[in-house]
Amino acid sequence: MAYGLGVIKGLMVVLRHLGRKPFTVEFPEEVRPIPHRARTSLLWFDERCTGCSTCAQACPDGCILVETRPNPDGSLTKVRYEIDFRICMYCGLCTEACPYQAIQPGGPFDAAYNFDDMHHDKYRLTKTAHEYLRTHDYMYPHGQRAPRQVIEFIEAEARGEFAPPPPGTHAQIPAQVPGFSPEAAERAAETAAA
Ligand code: SF4
Ligand code: SF4
C-alpha cells in the first residue's frame, strides 16, 4: 500500500460521517424499528394452544408451567399456563417444539426490566398477545391471520365490552374490561365450550 493511503482512507470515512445525523437512539423515549420476527420475547396465543405441554418439555430452563384438566371430549382445559421470564434465555426451543405455533418469538422489546414483574400467567400473556395482534393487523408473527372470532373478541375487548371467548377454540381468556374477574371468565369459557 502506498505510503499515507491509510490515513487518506481514514479521513474519507470521517468526511463521509461529518454531515450525517447521529445514530444514537434515545431509548426508551425512542425505540428502533425492530423486525416483527425478531427474538425479542415470547408471545403465547391461547386460541392456538391445546395444552399439550410440548413447549414445557422442550424448555431447558424449566420456565414454562402448563397445568391442564381433561374434558369429556378429549380436549384439555388450560388451568395454568405461565412463563417465568426471569430465567428464560430466549433460546426459542419452545417455539420450535410447539406443534401449533401457539408460542412464537416476537412481542415487546424492553431493555429495562423489573425482576419481580417477569413471571407472567396466562392472563398477562394473553393481554400481551391481544395487544400484539391488535397493533399488527391481526397477523401472528409467523404470517398467518388470526381467526375472525378471535379478531371480534379482541375488538370487543378493546371497546371495553364483555365478550365470551370464541367457541371452538381453547381460549379461556376474557375481555380485559374494568371489573373483570378471571373466575367469571373461566365460567364463561366453560359455558361456551359446553
Ligand atoms: S425461549 Fe428457551 S428458555 Fe425461554 S421459555 Fe422458551 S425454551 Fe425456555
Ligand atoms: S404452547 Fe404449543 S407446545 Fe405449549 S402447550 Fe400450547 S400447544 Fe402445546
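None of these values were measured; they are calculated from a predicted model.

**Q** I'd love a proper account of the site of ligand 2, names of residues and values included.
**A** The local shell around ligand 2 consists of Cys49, Thr50, Gly51, Cys52, Ser53, Thr54, Cys55, Val66, Cys98, Tyr100, Ala102 and Ile103. A class-by-class count of the residues in the shell around ligand 2 yields eight nonpolar, four polar and no charged.

**Q** Can you tell me about the sheet that holds strand E3 (residues 76–84), naming the residues and giving the values?
**A** In space, the three strands of this open sheet follow the order E2-E3-E5, with antiparallel pairing throughout. Both outer strands of the open sheet, strand E2 (64–70) and strand E5 (119–120), are each paired with one neighbouring strand and no more. When E2 meets E3, the two strands line up antiparallel, connected through seven bridges. The partner of Arg69 across the bridge, within E3, is Thr77. Against the sheet, helix H4 (residues 122–135) touches E3 and E5, its axis set at about 80° to E3.

**Q** Can you explain the environment of Cys59? Please cite residues and give values.
**A** You can see Cys59 is positioned in the loop between helix H2 (54–58) and E2. Sequence spacing of Cys59 and Met89 is 30 residues, and the spatial spacing of their C-alpha atoms is 9.8 Å. Leave out the neighbours within four places in its chain, and Cys59 touches Ile64, Leu93 and Cys94.

**Q** Lay out the environment of Glu155 in plain terms, naming residues and giving numbers.
**A** With respect to the helices, strands and loops of the structure, Glu155 is situated in helix H5 (residues 148–158). For the pair formed by Glu155 and His130, sequence separation is 25 residues and the distance between their alpha carbons is 9.3 Å.

**Q** Please provide a residue-by-residue account of the nonpolar core, values included.
**A** Ranked by internal contacts, the top residues of the largest apolar core, which has 24 residues, are Trp44, Phe45, Ile103 and Ala129. At the level of secondary structure, the elements contributing two or more residues to this core comprise strand E1 (42–44), E3, H4 and H5. Looking at this core element by element, the count peaks at four residues for H4. Excluding anything up to four places from it in sequence, Ala129 contacts Leu43, Trp44 and Phe45.

**Q** Describe unusual backbone geometry, and please don't skip the residues or the numbers.
**A** Here the phi dihedral of Ser53 falls at roughly 75°; this positive angle occurs in a residue that is not glycine. Residue placement: Ser53 occurs in the loop between E1 and H2. By the C-beta count within 10 Å, which is 16 here, Ser53 ends up partly exposed.

**Q** Let's hear about the environment of Tyr140: which residues, and what values?
**A** Here Tyr140 lies in the loop between H4 and H5. Assessed through the 20 C-beta atoms surrounding it within 10 Å, Tyr140 is described here as buried. Apart from residues no more than four positions distant in its own chain, Tyr140 is found in contact with Phe45, Gln101, Gln104 and Ala146.

**Q** I'd like a description of H5, backed by residues and values.
**A** Within H5, the full set of buried residues consists of Val150, Phe153, Ile154 and Glu157. Taken end-on, H5 shows its buried residues confined to a sector of 95°, consistent with a single buried face. Here the buried face of H5 lies against H4. Just past H5, the residue Gly160 takes up positive phi, approximately 80°.

Reading guide: rules and limits
Residues numbered from 1 in each chain as written. Chains lettered and ligands numbered in written order. Predicted model: local features only at pLDDT ≥ 70, side-chain atom pairs only at ≥ 80, totals over all residues. Near = placed C-beta within 6 Å. Nonpolar A, V, L, I, M, F, W, Y, C, P; charged D, E, K, R; others polar. Pairing = 2+ DSSP bridges. Helix = DSSP H or I, 4+ residues; strand = E, 2+ residues; numbered from the N terminus. Contact = placed C-beta atoms within 7 Å. Axes fitted to C-alpha atoms, helices over the stretch in contact; angles between N-to-C directions. Core = buried A, V, L, I, M, F, W, Y, C linked by C-beta atoms within 7 Å. Buried ≥ 20, exposed ≤ 12 C-beta atoms within 10 Å, placed from the backbone. Arc of directions from axis to C-beta.

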